[in-house]
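Structural features, examined
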Amino acid sequence: MFKITTLSRKLIDFTSLMIVTSGILLISDMVQAKTTDIISYREEQNKVTLRLKVTDSEKEPIITLKKEDFKLQVTDMTNNKLVAPSDTDKGYSDIPFKFKNPLEAEPPPAYILVLLDMSGSMNCSTDLDSKGVCNKAVPKGKRKLDAALSALTTFIEEAKKRGGNTNVAIIPFGYGCTYKPIKNLEDFNKLYSVSDSKTTAAITNLQKQTPCAATNIYHTLGKAVEFFTNPPTDELKNKFYPFDEKKAEPIEPKPRLAVILLSDGFDTQYDSRDEKKARQLQKTKLEEINGKLGDNPQITIHTLGYGLNAEQLQKKFGTSQWSEINRQTSKDKGKIPSGKIPSNEYLDVYGLKQISKITPNGLFAISGNSEEIASSLRLFLDAILGEYEITYTHPNPQRGRLYKTSVTADNISSEATKCKQSDIDKKNQCEKSRFIEYRGVNFGRTASSSIWGISAGLLLISGIVWFCFYWWWRKKIEDEERGTSGQSSP
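A brief look at the structure comes next. (Residues numbered from 1 in each chain as written. Predicted model: local features only at pLDDT ≥ 70, side-chain atom pairs only at ≥ 80, totals over all residues. Heavy atoms only, no water.)

A word on the overall build of the chain
Across its full length, the chain carries 10 helices and 20 strands. Residues classed as buried in the chain amount to 46% of the 490 residues present. Considering only intrachain contacts with a sequence separation of at least 6, the fraction spanning at least 24 residues in the chain is 78%. (Helix = DSSP H or I, 4+ residues; strand = E, 2+ residues; numbered from the N terminus. Buried < 20%, exposed > 50% of the residue type's maximum accessible area, 1.4 Å probe, protein only. Contact = heavy atoms within 4.5 Å.)

Next comes the structure, spelled out in structure tokens:
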């Protein structure tokens, strides 16, 4: 739950109208566990515009819902009655609303850092099923790097189709060879619009390079988070956190800030043959990064692992048991001992998953080829930009009354996780809802029609009384003038 409140403004007669907006899980016999989040709101006169996201139990965005899948309920909390219900048995208000799905609604401003692993293993072949694919030179166009860049090109084109103000920076990272650890936050300041030729030029330039670095995931991620939380210039600060000085409040919609980390390996800076020691080193660094994030709700971190999962590696190399650190090291002198995974094929799935969890809506995916990477990147893009828009006109809002507006979504794909009706009734983890509070101070009408009628009646009575008094006063003056004129005549 989070709260958004506008600052105090001048009120004419009564206290402000408050609308409490919440996302509530629609009850049916078998429904998918999901969350409806109200992201932001906008009010103008009697019109209210809501932006919301719907996610499943795995936090993945659901963007395929239609207008008929949503229902709107407005309750007058003064008397606990629905506003404008067509049929009280339906349990929702008969208030028409305009609807836009995530592909129709204008996306919010977004700034996305794509951290691209440039370790030597990215120079290996895209054929992950063959052994020894890194033991010989792989031509350009057939490398894992090329597959990743191809997927990023698709990602850029998809973002371009959606319109809006989406900006992307592709940041190669690593240390050793021709790469140095990023120290200056300005090195991340390569954000360009997805429609800008500089974005595609960055991909073209990376296609010419030969990956050869070691991997420093946590160092680079920490600097990326610092770039967003403590922008190096005032210009960037105003872009990431626009603020209205006159109203003394953030400008809506707030830009979405996201980090997408794409790696095919593991962090060699925070590594150890002792698995417990390695995980403790990573945990300590992750806690440091989490401290930099603070409670910033605008930042989301997604992680994408490029490689084979544990079961696939087990099958490929014939290991009887899987161990997170059961891999080849420098002590093995380039040979592959029995039961060990070559270091250039080891993907730290656990570590990448943990990174994705430090922001509430972070996602993790593992992909084995260009098509799967593109699909995962599209999922991340939906999570960053995919918002529904609902606009409705509040019927006869009365200033000073408390209203509760609920948006309900249903008819989710049957492929997702299901929850039984009995589970939902018990309010267990199958049902999740969040809401925001905001004060509606910009509605045009400040009183009910009855009050307006009484006011008009009083005004009419006052007019009649005034007219009668004026008529009596004028007649009296005229009589006095006639009397004076009669006394002065001969």
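Brief notes about unusual backbone geometry
Cis geometry is adopted by the peptide bond preceding proline 253, which originates at glutamate 252 and carries an omega value of -5 degrees. Take proline 253: it is sitting in the loop between strand 12 (249–250) and strand 13 (256–263). One non-glycine residue, asparagine 80, lies in positive phi territory at about 55 degrees. One can find asparagine 80 in the loop between strand 5 (70–76) and strand 6 (81–82).

Remarks on the state of the cysteines
For the structure shown, the criterion picks out one disulfide. The disulfide partner of cysteine 177 is cysteine 212, and the S-S distance across this bridge is 1.8 Å. Around the S-S axis, the bridge from cysteine 177 to cysteine 212 shows a dihedral of about -85 degrees and counts as left-handed. Taken together, the positions of cysteine 177 in the loop between strand 9 (166–173) and strand 10 (192–193) and cysteine 212 in the loop between helix 2 (197–207) and helix 3 (217–229) put the pair 35 residues apart, joining distant regions of the chain. Accessibility expressed as a relative area gives 53% for cysteine 177, which makes it exposed. Under the relative-accessibility criterion, cysteine 212 is labelled partly exposed at 30%. (Disulfide = S-S within 2.5 Å.)

Digging into the nonpolar core
Judged by nonpolar contacts, the single largest core of 45 residues is most densely connected at Ile112, Leu116 and Leu377. Elements that contribute at least two residues to this core include exactly strand 8 (110–117), helix 1 (144–162), strand 9, helix 2, strand 13, strand 14 (299–306), helix 6 (310–317) and helix 8 (370–385). Residues within four places of leucine 116 in sequence aside, it is in contact with Met122, Leu145, Ala148, Leu149, Ile170, Ile171, Pro172, Phe173, Leu206 and Leu262. The next biggest cluster of nonpolar side chains, apart from the first, holds 32 residues, and it includes Leu185, Leu261, Leu286 and Ile299. (Core = buried A, V, L, I, M, F, W, Y, C linked by side-chain atoms within 4.5 Å.)

Here's the deal with helix 8
Between the first and last C-alpha of helix 8 there are 22 Å, a value that for 16 residues agrees with the 22 Å anticipated at 1.5 Å per step. In terms of residue burial, helix 8 counts as a mostly covered element, since 12 of its 16 residues are buried. Residues Ser370, Ile373, Ala374, Ser376, Leu377, Leu379, Phe380, Leu381, Asp382, Ala383, Ile384 and Leu385 constitute the buried set of helix 8. Where helix 8 starts, the residue carrying a side-chain oxygen 3.1 Å from the main-chain nitrogen of glutamate 371 turns out to be asparagine 369. (Expected span 1.5 Å × (residues − 1). Polar contact = N/O pair within 3.5 Å; in protein donor to acceptor, adjacent residues only side chain to side chain.)

Quick look at the pairing of strand 14
Along strand 14, eight of the eight residues are buried, which leaves the element largely enclosed by surrounding structure. Residues Ile299, Ile301, Thr303 and Gly305 of strand 14 are buried on one face, and the alternating residues Thr300, His302, Leu304 and Tyr306, pointing to the opposite face, are buried as well. As judged from the seven bridges shared by strand 13 and strand 14, these two strands associate in the parallel manner. Opposite alanine 258, over in strand 14, you have threonine 300 as the bridge partner. Where strand 14 lies against strand 15 (residues 364–367), four bridges are found, and the strand directions are parallel. From the neighbouring strand, threonine 303 faces strand 15, where its bridge partner is phenylalanine 364. (Pairing = 2+ DSSP bridges.)

Observations regarding a nonpolar patch on the surface
Together, Trp466, Phe467, Phe469, Tyr470, Trp471, Trp472, Trp473 and Ile477 make up a nonpolar patch on the protein surface, roughly 950 Å² of accessible area in all. On the secondary structure map, tryptophan 472 appears in helix 10 (residues 449–488). (Patch = residues over 30% accessible without salt bridge, like charges linked within 9 Å, V, L, I, M, F, W, Y side chains within 5 Å. Areas by Shrake-Rupley, 256 points an atom, 1.4 Å probe, with all protein chains shown as cover. Salt bridge = Lys/Arg side-chain N within 4 Å of Asp/Glu carboxyl O.)

Re the packing of helix 3 against helix 5 (residues 275–293)
At a minimum axis separation of 9 Å, helix 3 and helix 5 run at an interaxial angle of 10 degrees. It follows from the interaxial angle that helix 3 and helix 5 lie roughly parallel. Side by side, helix 3 and helix 5 meet where Tyr218, His219, Leu221, Gly222, Val225, Glu226 and Thr229 of the first sit next to Gln282, Lys285, Leu286, Ile289, Lys292 and Leu293 of the second. Residues of the contact of helix 3 with helix 5, tallied by class, amount to six nonpolar, four polar and three charged. (Axes fitted to C-alpha atoms, helices over the stretch in contact; angles between N-to-C directions. Parallel < 35°, antiparallel > 145°, perpendicular 65-115°, else oblique. Nonpolar A, V, L, I, M, F, W, Y, C, P; charged D, E, K, R; others polar.)

Details of the sheet that holds strand 13
Strand order in the open sheet formed by six strands is 10-9-8-13-14-15, with mixed pairing between adjacent strands. The two strands at the open ends of the sheet, each matched to only one other strand, are strand 10 and strand 15. With two bridges connecting them, strand 9 and strand 10 associate as antiparallel partners. Counted as the bridge partner of valine 168 is tyrosine 192 from strand 10. On top of the sheet, helix 1 reaches strand 8, strand 9, strand 13 and strand 14; it is set at about 170 degrees to strand 8, its chief contact.

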